Amino acid sequence: MNTQKNFEAYLRENNLSENTIRAYLWVYNYYSSHYSDLSPANLLSFKEYLIIRYKPQTVNQRIQAINKYLEFTGHGHFKIHTVKIHQKNFLENVISMADYKYFKQRLRKDGLMEWYFVIWYLAATRARISELIQIKTDNVIDGFIDMYTKGGKLRRIYIPKRLQKETLLWLENNNRLKQSDFLFINHLGEPITTRGISNRLKVFAKKYGINPKVVYPHSFRHMFAKNFLNKYNDIALLADLMGHESIETTRIYLRRTSTEQQDLVNKVVTW
């Protein structure tokens, strides 16, 4: 009996994303290769190892993975408690609108149109990177793409009209409009990977003199949320658009970034 394959099948039955399945299987493989059984003592040792080595958010993600495995094996009563995460009262490392516009301008000027559209889609559709690479030319024609969340709920990602129009023109100029293909592909015609996107964005950031700390895929999603609230103050709608299960998750976007806080302090505190 192949326990890993059965666990993977169990995760798929629970409609978990591919990224989550990979992460959970990594935890399973690590635990099974370092601990002899699912005893409370071993589970506590595993939790202590995670706390020493990783940040709280990563610790909790891996605890969720082992808890899922405990559930799968019928050991749910051994469930490990997650660690408390102290939420910051500011957003950190979010790209500014000025840097975003400059980034787009430089990519377009250098003829790097695919990457120009990559960051435009990240910033204008609030798509997660795992969702971005699934967008096809047919979705651009439709003006939206439907995604299913971990719990099997439908989430629609809209492509703004201006972005849709420019993308269709770009596809037409490259003889790709009639192809039902992935929107972002590499030189082999295959979908670009999430890691490939993350790495290239860092390279471009350094090339154009933008702080690499603020240039990562999720940064553009944060930027979308902050600017949406600034222009249309409806946090309930934003929560739906972002695919958040709880509106409490969305409230972070009511806060200022650390840079904005510092700028305000510098202006206000003159004594």
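None of the values given here were measured: they were computed from a predicted structure.

Caption draft 1: Just the environment of K226, in detail. Tracing the sequence through the fold places K226 in helix α11 (residues 217–231). Each C-alpha atom, one on K226 and one on W115, is 23 Å from the other, the two residues being 111 residues apart in sequence.

Caption draft 2: Region of the structure containing the environment of I159. If you trace the backbone, I159 turns up in the loop between β2 (154–158) and α9 (161–173). Sequence separation between I159 and V140 is 19 residues; the distance between their C-alpha atoms is 7.1 Å. If we skip the residues at most four places from it in the chain, I159 touches Y121, T125, N139, V140, G143, F144 and Q164.

Caption draft 3: Layout of the pattern of salt bridges. As enumerated under the stated definition, the model contains 9 salt bridges in all. Note that D110 and K207 form a salt bridge whose closest N and O atoms lie 3.8 Å from each other. Within this pair, whereas D110 is found in the loop between α5 (97–109) and α6 (113–125), its partner K207 is found in helix α10 (residues 194–207), the two being separated by 97 residues in sequence. Accessibility expressed as a relative area gives 53% for K207, which makes it exposed. Put simply, E131 and R155 hold a salt bridge, and the shortest N to O gap is 2.5 Å. Pair noted here: E131 is in helix α7 (residues 129–132) and R155 is in strand β2, with a separation of 24 residues, a long-range link. Taking relative accessible area as the criterion, R155 reaches 5% and is therefore assigned buried. If you follow the salt bridges from partner to partner, you end up with E8, R12 and E18 in one network.

Caption draft 4: Geometry of the packing of aromatic side chains. As enumerated under the stated definition, the model contains 24 aromatic pairs in all. Chaining the aromatic ring pairs together yields one cluster made of W26, Y30, Y31, Y35, F46, Y49 and Y54. It is R176 that lies over the ring of W170; its NZ or CZ is 5.8 Å from the centre.

Caption draft 5: Structural context of helix α1 (residues 3–13). Within the span of α1, buried status applies to F7, Y10 and L11. Down the axis of α1, the buried side of the element spans an arc of 100°, and every buried residue falls inside it. Opposite the buried face of α1, by more than 90 degrees, sit the exposed residues K5 and E13. Next to the buried residues of α1 lie α2 (18–34) and α4 (56–73). Phi turns positive one or two residues past the end of α1, at N15, with a value near 60°.

Caption draft 6: Focus on a nonpolar patch on the surface. There is a patch of nonpolar side chains on the surface, built from L264, V265, V268, V269 and W271 and spanning about 530 Å² of accessible area. The topology assignment puts W271 in the segment after α14 (258–268).

Caption draft 7: How the structure looks around unusual backbone geometry. For N15, which is not glycine, the phi torsion reads 60° and is therefore positive. Along the chain, N15 turns up in the loop between α1 and α2. For R126, which is not glycine, the phi torsion reads 55° and is therefore positive. Its place among the elements puts R126 in the loop between α6 and α7.

Caption draft 8: Quick look at the side chain of T137. With respect to the element layout, T137 can be found in helix α8 (residues 137–142). Beyond its immediate sequence surroundings of up to four residues, T137 is in contact with L171, R176, Q179, S180, D181 and L183.

Caption draft 9: Spatial organisation of the pairing of β2. Alternating positions in β2 separate cleanly, R155 and I157 being buried on one face and L154, R156 and Y158 remaining unburied on the opposite face. Pairing geometry for strand β1 (residues 144–148) and β2, over 5 bridges, is antiparallel. The partner of M147 across the bridge, within β2, is R155.

Caption draft 10: Structural view of the packing of helix α3 (residues 40–53) against α4. Contact pair α3 / α4: the axes reach a minimum separation of 9 Å and the direction vectors enclose 160°. With respect to their mutual orientation, α3 and α4 come out roughly antiparallel. Once α3 is placed against α4, the crossing between them reads as right-handed. Between α3, through L43, F46, K47, L50 and I51, and α4, the contact on the second element is made entirely by V59, R62, I63, I66 and L70. Residue classes in the contact of α3 with α4 are distributed as 8 nonpolar, no polar and 2 charged.

Cut-off values and rules
Residues numbered from 1 in each chain as written. Predicted model: local features only at pLDDT ≥ 70, side-chain atom pairs only at ≥ 80, totals over all residues. Heavy atoms only, no water. Helix = DSSP H or I, 4+ residues; strand = E, 2+ residues; numbered from the N terminus. Contact = heavy atoms within 4.5 Å. Salt bridge = Lys/Arg side-chain N within 4 Å of Asp/Glu carboxyl O. Buried < 20%, exposed > 50% of the residue type's maximum accessible area, 1.4 Å probe, protein only. Phe/Tyr/Trp six-rings, centres within 6.5 Å; stacked < 30°, edge-to-face > 60°. Lys NZ or Arg CZ within 6 Å of the ring centre and 35° of its normal. Arc of directions from axis to C-beta. Patch = residues over 30% accessible without salt bridge, like charges linked within 9 Å, V, L, I, M, F, W, Y side chains within 5 Å. Areas by Shrake-Rupley, 256 points an atom, 1.4 Å probe, with all protein chains shown as cover. Pairing = 2+ DSSP bridges. Axes fitted to C-alpha atoms, helices over the stretch in contact; angles between N-to-C directions. Parallel < 35°, antiparallel > 145°, perpendicular 65-115°, else oblique. Left-handed = near helix turned anticlockwise from the far one by under 90°. Nonpolar A, V, L, I, M, F, W, Y, C, P; charged D, E, K, R; others polar.

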